[in-house]
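Overview (structure and organization)
One letter stands for each residue in the lines below.
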Protein chains: 2
Amino acid sequence: MTYTWINGNYVESAQASLGVDDLAIQRGYGVFDFFSLRRPKPSLSAEVHSQGPMATARCRQGIPFLLPWYLDRFFHSAQALNLEVPLSKSELTAVIQEFIDKNQLVDEGIKMILTGGYSPDSYTPLEPNLVISAHKINFPAKEKYEQGFKVMTHEYQRESPAAKSINYLQGIQLIPVLKARGLDDVLYHWGGVVTEFPRSNIFMVDQQHQLVTPGINVLAGITRKTVLYLAKENYSPTLRDLTVSELKQAKEVFLTSTTKGIVPVCVIDGHPVGDGVPGVVTKHLAQLLGDLAEDFSMRLEG
Amino acid sequence: MTYTWINGNYVESAQASLGVDDLAIQRGYGVFDFFSLRRPKPSLSAEVHSQGPMATARCRQGIPFLLPWYLDRFFHSAQALNLEVPLSKSELTAVIQEFIDKNQLVDEGIKMILTGGYSPDSYTPLEPNLVISAHKINFPAKEKYEQGFKVMTHEYQRESPAAKSINYLQGIQLIPVLKARGLDDVLYHWGGVVTEFPRSNIFMVDQQHQLVTPGINVLAGITRKTVLYLAKENYSPTLRDLTVSELKQAKEVFLTSTTKGIVPVCVIDGHPVGDGVPGVVTKHLAQLLGDLAEDFSMRLEG
């Protein structure tokens, strides 16, 4: 059984609810963030710490990956919607650690949702509701990493793009279209300038072997940030506008997300990207990202 | 005590809730509609029907105003978001009548919310949740009808404007700005072409005494539709694009909404509209709208 944390109280997840007056339900008003845990490798250090059943349990529990970056973004999103997170970052960090312990989480994802709260006039935010819940992460199938995503483009600009609001109206409206066409995702552009996927950022390796990702009007993805860091040494990444037609001429395209990592994008609007198979830069960065996560767990654990 | 109707069950309103897995909370995904009840006038017919306490109670209960139009729009909004209303229009009408009886409603408003429902992957809609709740209507203060609203313009285009989705991100984000400037509402435009308020439609009486309201990229308001009908005889209303600068040169401007009726707009971005006081056409149409609602109650009741 898992527990969901709501405004300071633990509730059985199956019973976790918000009153219908909440502004998320009334007006779709809220922000969220989602980070994943890394499973600690079995190692000498785990054995050293194992001094009883509780100690063992603790050592097996997952470690939040890059939590400070996710918290920074969560607080930034809240501010953009004029919502105040009812805890400080350090208080929230402590609650998250307690939440991981309470639920004995290992490699799940954790979602924090901050809504506009219960509003007497169903419009004006008053006191936000904060919900923390655990989620199994369903990674894309292995074939998707090997063969790449097939995507379509669609003109749309997310509202307040730098904030991770709960507004996914456009993305969800398009699910039946993607399904009918046998596609994996939709790539937004605005006037031909590429922005992002509903839940992922985009990268391109252009004909000059430069790694490029849009710098404005997109969510500042944490995996995007991590990839920019990892790519620094070998691929001198650039933040700039990129067009749909440029993207279709690219050598490689891939997407980044917390719940997917790096996924090659091999078909855009029916056009194969590069050779139509995952490229060398994509594969190298995916390797580096995997190594970092592993190394991160090892270091924190040891 | 009032009751809220959730998926076929009545729940005390203070306890009415949705699980946090609901797509309204997870992704702001849902549609709604809101209609008001008209209080029947005390009349001979009421006395005729008064054949005991139950009969009296029933006669005092409110009558949904223009319900078929609201239901049409609700079903249209649901379809635009690929959601299926779990009841037919006639079934929903019967539920609403039962809801009015159960809650002994007289002049309240009734809200129907249809969400994306509980979603195992927190993204894909499955089986919608339908919530019906009663709300006191807080009309603007009398002075607002006498002195008119002061508004500002803001560039924004609602997503899927013809659907009444629960997405009010932009409108709610701007509440602190309106408050700081002492304004009553924000008027959206897109590239200088006026669309609507977050929760109301706009009308203008231009220099040629023509009544104009935008015809596209706006919600098809029911009060807007009613005013277009009432204006037909005297004001030959026109649906066309109108610009912000045209609006500032207008003789009269007013807004329409279910919960406000007709409210004069007398100041736009600091510029007085016309003489800066409610105009004759605005006042005449407000009178006609009031008469219609009264006449409607009388006719249905008699």
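The structure this text deals with has already been given above.
The following paragraphs examine the structure supplied in this document. All of these numbers come straight from a predicted model, not from anything done at the bench. (Residues numbered from 1 in each chain as written. Chains lettered and ligands numbered in written order. Predicted model: local features only at pLDDT ≥ 70, side-chain atom pairs only at ≥ 80, totals over all residues. Heavy atoms only, no water.)

1. With respect to the sheet that holds strand 7 (residues 129–135) of chain A
Residues and elements named next belong to chain A. Just so we agree on the cut-off: Should DSSP find at least two bridges between two strands, the strands are taken to pair. Secondary structure elements are taken from DSSP: a helix is a run of H or I of four residues or more, a strand is a run of E of two residues or more, and numbering for both begins at the N terminus. Contacts: residue pairs with any heavy atoms within 4.5 Å of one another. Think of each axis as a best-fit line through the C-alpha atoms, taken over the contacting stretch in the case of a helix, with angles from 0 to 180 degrees between the N-to-C directions.
Strand order in the open sheet made by the 6 strands is 2-1-7-6-4-5, with antiparallel pairing throughout. Edge positions in the sheet fall to strand 2 (9–12) and strand 5 (63–64), since each has one partner strand and no second. As defined by bridge partners, strand 4 (residues 30–38) adjoins strand 6 (residues 109–115) across 7 bridges and the pair is classed as antiparallel. Directly across from V31, in strand 6, lies its bridge partner L114. Its contacts with the sheet place helix 4 (residues 67–80) against strand 4, strand 5, strand 6 and strand 7, and it is angled at close to 175 degrees to strand 4.

2. What to know about the side chain of E196(B)
Residues and elements named next belong to chain B. Our working definition: Only protein chains enter the accessibility calculation, which uses a 1.4 Å probe; a residue whose area is less than 20% of its type maximum is buried, one above 50% is exposed, and one in between is partly exposed. We call two N or O atoms a polar contact when they sit within 3.5 Å, provided that within protein one can donate a hydrogen and the other can accept it, with sequence-adjacent residues counted only if both atoms are side-chain atoms.
Relative to the assigned elements, E196 resides in the loop between strand 10 (193–194) and strand 11 (201–205). Here E196 falls in the buried class, since its relative accessible area comes to 3%. A polar atom in the side chain of E196 sits 2.9 Å from the backbone nitrogen of L219. Ignoring any residue separated from it by four or fewer positions in sequence, one finds E196 in contact with R158, P161, V186, L187, Y188, N201, N217, V218 and L219.

3. Looking at the interface of chain A and chain B
Here is the rule we go by: Buried area: the accessible area, evaluated with a 1.4 Å probe, that two parts lose upon being put together, summed over both parts. Here a salt bridge means any side-chain nitrogen of Lys or Arg lying within 4 Å of a carboxyl oxygen belonging to Asp or Glu. Three residue categories are used. Nonpolar comprises Ala, Val, Leu, Ile, Met, Phe, Trp, Tyr, Cys and Pro, charged comprises Asp, Glu, Lys and Arg, and polar comprises the others, including Gly.
Taken together, the 42 residues of chain A in the interface contact 42 residues of chain B. Surface buried jointly by chain A and chain B totals about 3900 Å² across both partners, of which 58% is contributed by carbon and sulfur atoms. On inspection of chain A and its partner chain B, the count reaches 0 salt bridges. Along the contact surface separating chain A from chain B lie 20 residue pairs in polar contact (both at pLDDT 80 or more). Counting residues per element, the ones that place at least two in the side of chain A that touches chain B are strand 3 (17–19), helix 1 (23–27), strand 6, strand 7, helix 7 (169–173) and helix 8 (175–181) of chain A. Of the residues that constitute the side of chain A that touches chain B, the class distribution is 24 nonpolar, 14 polar and 4 charged. As judged from the 3 bridges shared by strand 3 of chain A and strand 3 (residues 17–19) of chain B, these two strands associate in the antiparallel manner.

4. What to know about the layout of surface pockets
Defined as follows: Using a 1 Å grid laid over the protein atoms alone, points where a 1.4 Å probe fits but cannot get out form a cavity; open sets with protein on both sides within 12 Å along at least 5 of 7 lines form a pocket; any residue with an atom within 4 Å of a point counts as lining. Grid points are joined across faces, edges and corners, and a volume is the space filled by probe spheres set on the points.
Roughly 1000 Å³ of volume is contained in the second largest pocket. Every residue lining the second largest pocket is counted, 45 residues in all, and those nearest its centre are R199(A), T259(A), K260(A), R27(B) and Y123(B). Of all elements in the fold, only strand 4, strand 7, helix 8, strand 9 (185–190), helix 9 (222–235) and strand 14 (252–257) of chain A reach the threshold of two or more residues within the lining of the second largest pocket. Of the residues belonging to the lining of the second largest pocket, the class tally is 18 nonpolar, 13 polar and 14 charged.

5. A word on the packing of aromatic side chains
By convention here, two paired aromatic rings are described through the distance between centres and the angle between planes. Defined as follows: Aromatic rings from Phe, Tyr and Trp, taking only the six-membered ring of Trp, are treated as a pair when their centres fall within 6.5 Å; an angle between ring planes under 30 degrees marks them as stacked, one over 60 as edge-to-face, and anything in between as tilted. Distance and angle both matter: a charge sits over a ring if NZ of Lys or CZ of Arg is within 6 Å of the ring centre and within 35 degrees of the ring normal.
Considering all chains together, one arrives at 15 aromatic pairs over all chains under this definition. Aromatic ring contacts, followed pair by pair, group F32(A), Y168(A) and Y123(B) into a single cluster. Over the ring of Y3(B) we find K102(B), and its NZ or CZ is 4.6 Å from the ring centre. The positively charged end of K102(B) is found above the aromatic ring belonging to Y10(B), 5.0 Å away from the centroid.

6. Considering the relation of the copies chain A and chain B
Keep this limit in mind: Least squares is the method used to superpose the copies, on C-alpha atoms of residues holding a pLDDT of at least 70 in both.
Of the transformation placing chain A onto chain B, the axial shift is 0.0 Å and the rotation is 180 degrees, giving an RMSD of 0.0 Å. The relationship between the two copies is best expressed as a two-fold rotation axis. Using C-alpha coordinates, one finds that chain A approaches the rotation axis most closely at G28(A), a distance of 2.0 Å. Looking at chain A, 100% of its interface residues are interface residues in chain B too, so the copies touch through the same face.

7. Some details on the side chain of Q26(B)
Checked against the element boundaries, Q26(B) lands in helix 1 (residues 23–27). Of note is the side chain of Q26(B), whose polar atom sits 2.4 Å from the side chain of K111(A). For Q26(B), the residues in contact, after removing those within four places along its chain, are K111(A), I113(A), I166(A), V20(B), D21(B) and S122(B).

8. Some thoughts on the pattern of salt bridges
In total, this model carries 20 salt bridges over all chains according to the counting rule given. A salt bridge links D72(B) to K89(B), with the nearest nitrogen and oxygen atoms 2.7 Å apart. In this pair, D72(B) is assigned in helix 4 (residues 67–80) and K89(B) in helix 5 (residues 89–103), connecting sequence segments 17 residues apart. Taking the relative accessible area as the measure of exposure, D72(B) reaches 40% and is therefore partly exposed. Here R240(B) makes a salt bridge to D206(B), at a shortest N to O gap of 3.5 Å. One end of the pair, R240(B), is in the loop between strand 13 (238–239) and helix 10 (244–248); the other, D206(B), is in the loop between strand 11 and strand 12 (211–213), and 34 residues separate them in sequence. On the basis of relative accessibility, which here comes to 27%, the residue R240(B) falls in the partly exposed class. Classification of D206(B) as buried rests on a relative accessible area of 8%. Salt bridges here are not isolated pairs; linked through shared partners, they connect D206(A), R240(A) and E246(A).

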